[in-house]
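Structural overview
These are the residues of each chain, in order.
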Amino acid sequence: MFNIYTEIILDHYQHPRNFGEIKNPTKKVEVANPLCGDKIKMMIVFDKEKVTEVKFTGVGCAISTASASMLTEYIKGKTKEQLKKIDKNFIIKMLGVSLGVNRIKCALLSLEALKKLL
Ligand code: FES
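Attention here is on the structure that accompanies the text. It should be emphasised that the depicted structure is a prediction, and the values quoted were computed from it without experimental measurement.

1. Quick look at the overall build of the chain
Secondary structure assignment for the chain yields five helices and three strands. For the chain, the α and β elements follow one another from N to C terminus as α-β-β-β-α-α-α-α. For a compact globule of 118 residues, the expected C-alpha radius of gyration is about 13 Å, and the chain comes in at 13 Å, within 12% of that figure. C-alpha atoms of the chain, sized along the principal axes, occupy 45 × 25 × 25 Å. Looking at the chain as a whole, 41% of its 118 residues qualify as buried.

Next comes the structure, spelled out in structure tokens:
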């Protein structure tokens, strides 16, 4: 039986938001989880300091995909200053599940991408 948080994660995994490519992004990065080799590519468009578009592609597990999906939803419309405040604790809280050491790396892959985009 899944709890509510797990259902949200599964929904984002099965129907990832902002999945795809942007033609002319301001910046594009690729990050990989060294433990499993999964990769996430994230691209962003800034209008001055604000995020107007963000998308990601790649193949990952449920946690890494859900994390990227939720994070890209959250950051649209935010400023670079606001994005700089996003940290590990924010991601864990956003996912709403307790994660072991290995799964934390999955969850933080999208954060690593975001930091490289700033
Ligand atoms: Fe590869 Fe989670 S198992 S990112």
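2. Describing the sheet that holds strand S2 (residues 39–47)
With antiparallel pairing, the three strands of this open sheet are ordered in space as S1-S2-S3. This sheet does not close on itself; its edge strands, each paired only once, are strand S1 (27–32) and strand S3 (50–59). Strand-to-strand twist in this sheet, taken as the mean axis angle between neighbours without regard to direction, amounts to 20°. Two elements, S1 and S2, share six bridges in a ladder whose sense is antiparallel. Bridge pairing links Val 29 to Met 42 in S2. This element, helix H5 (residues 101–117), spans S1 and S2 of the sheet and lies at about 145° to S1.

3. Let's talk about the pattern of salt bridges
Per the counting criterion, the structure on display carries five salt bridges. With a closest N to O distance of 3.5 Å, Glu 21 and Lys 28 form a salt bridge. Classification of Glu 21 as partly exposed rests on a relative accessible area of 44%. Between Lys 76 and Glu 53 there is a salt bridge whose closest N-O contact spans 3.5 Å.

4. Brief notes about the side chain of Lys 78
As for its placement among the helices and strands, Lys 78 is situated in the loop between helix H2 (62–75) and helix H3 (80–84). For the buried residue Lys 78, which engages in no salt bridge, the nearest side chain bearing the opposite charge is Glu 73, 10 Å off. Setting aside residues no more than four positions away along its own chain, Lys 78 makes contact with Glu 49, Lys 50, Val 51 and Leu 83.

The rules behind these values
- Residues numbered from 1 in each chain as written.
- Predicted model: local features only at pLDDT ≥ 70, side-chain atom pairs only at ≥ 80, totals over all residues.
- Heavy atoms only, no water.
- Helix = DSSP H or I, 4+ residues; strand = E, 2+ residues; numbered from the N terminus.
- Rg over C-alpha atoms; globule rule 2.2 N^0.38 Å.
- Buried < 20%, exposed > 50% of the residue type's maximum accessible area, 1.4 Å probe, protein only.
- Pairing = 2+ DSSP bridges.
- Axes fitted to C-alpha atoms, helices over the stretch in contact; angles between N-to-C directions.
- Contact = heavy atoms within 4.5 Å.
- Salt bridge = Lys/Arg side-chain N within 4 Å of Asp/Glu carboxyl O.
- Lys, Arg positive; Asp, Glu negative; His and termini not counted.

Scope: geometric values only; no functional claims are made or implied.
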